[in-house]
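Remarks on the overall topology
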Amino acid sequence: MVVKMLMTWDILPGREQEYFEFVVREFIPEVQKIGLKPSDAWFTMYGDYPQILAAMLSPNLTTLQQTLASNEWDSLVRRLHDYVEDFSYKIIRARGSFQI
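This text gives an overview of the structure that appears in the document. In this text the structure is predicted, and so the values were computed from the model without any measurement.

What follows concerns the packing of helix α1 (residues 16–33) against helix α3 (residues 71–80). The interhelical angle for the contact between α1 and α3, taken along N-to-C directions, is 170 degrees, at an axis separation of 11 Å. For the element pair α1 / α3, the angle class is roughly antiparallel. Taking contact as the criterion, the partners of Y19, F22, E26, F27, E30 and V31 in α1 are, on α3, W73, L76, R79 and L80. For the contact of α1 with α3, a count of residues per class yields seven nonpolar, no polar and three charged.

Quick look at α1 now. Here α1 spans 24 Å end to end across 18 residues, near enough to the 26 Å set by a 1.5 Å rise per residue. Where α1 bends most, at V23, the angle is about 45 degrees. Of the residues flanking the end of α1, it is G35, one or two places downstream, whose phi is positive at about 105 degrees.

Here we come to helix α2 (residues 61–68). Within the sequence span of α2, burial applies to L64, T67 and L68. The buried residues of α2 occupy an angular sector of 95 degrees when projected down its axis, which confines them to one face. With a side-chain oxygen lying 3.2 Å from the backbone nitrogen of T62, the N-terminal cap of α2 falls on N60.

When you tally the buried positions in strand β1 (residues 3–11), you get eight out of nine residues, the bulk of the element. The pairing of β1 with strand β3 (residues 52–58) spans seven bridges and is antiparallel. By the bridge assignment for β3, M5 is matched with M56. As judged from the eight bridges shared by β1 and strand β4 (residues 84–93), these two strands associate in the antiparallel manner. By the bridge assignment for β4, V3 is matched with R93.

Here the focus is the packing of aromatic side chains. This structure, assessed with the given rule, holds seven aromatic pairs. Relative to Y83, the ring of F22 lies with its centre 5.0 Å away and its plane at 25 degrees, an arrangement referred to as stacked. Of the two residues, F22 is situated in helix α1 and Y83 in the loop between α3 and β4; the sequence distance between them amounts to 61 residues. Like F22, the residue Y83 is buried in the burial classification.

What counts, and at which threshold
- Residues numbered from 1 in each chain as written.
- Predicted model: local features only at pLDDT ≥ 70, side-chain atom pairs only at ≥ 80, totals over all residues.
- Heavy atoms only, no water.
- Axes fitted to C-alpha atoms, helices over the stretch in contact; angles between N-to-C directions.
- Helix = DSSP H or I, 4+ residues; strand = E, 2+ residues; numbered from the N terminus.
- Parallel < 35°, antiparallel > 145°, perpendicular 65-115°, else oblique.
- Contact = heavy atoms within 4.5 Å.
- Nonpolar A, V, L, I, M, F, W, Y, C, P; charged D, E, K, R; others polar.
- Expected span 1.5 Å × (residues − 1).
- Bend = angle between axes of the 7 residues up to and from the residue.
- Buried < 20%, exposed > 50% of the residue type's maximum accessible area, 1.4 Å probe, protein only.
- Arc of directions from axis to C-beta.
- Polar contact = N/O pair within 3.5 Å; in protein donor to acceptor, adjacent residues only side chain to side chain.
- Pairing = 2+ DSSP bridges.
- Phe/Tyr/Trp six-rings, centres within 6.5 Å; stacked < 30°, edge-to-face > 60°.

Worth remembering: the numbers are spatial, not functional.
This is the structure in C-alpha cells:
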C-alpha cells in the first residue's frame, strides 16, 4: 500500500531566498536519493495555516519508517531547520487526490 508523508512548516522570516535555493538544489534531490517521491507542494498565501505543505510518496509504510530512521533523513531535516520553523509531518494512506 502506497503511503504519503504530509509535511508542513513555515519559512523563517528573512530566509526566503536561501530556503528556496536549498529546497531546489539540495532538499528535493536528496529526498529522491533516499527513496521518497515528491508528489505535492503547496504554498499558503492567506490564512492561519502552515506556509508550506509538501507531500512525499513511499511504496509502503515499512520502507518509509526505515527512511525516517536513517541518518540521511535526520541530516536532511536538520539542514531544513536552518530555514524553517514549526516543522511537522504525518503519514497517511495515499489517494489520487489532494490530501491534508
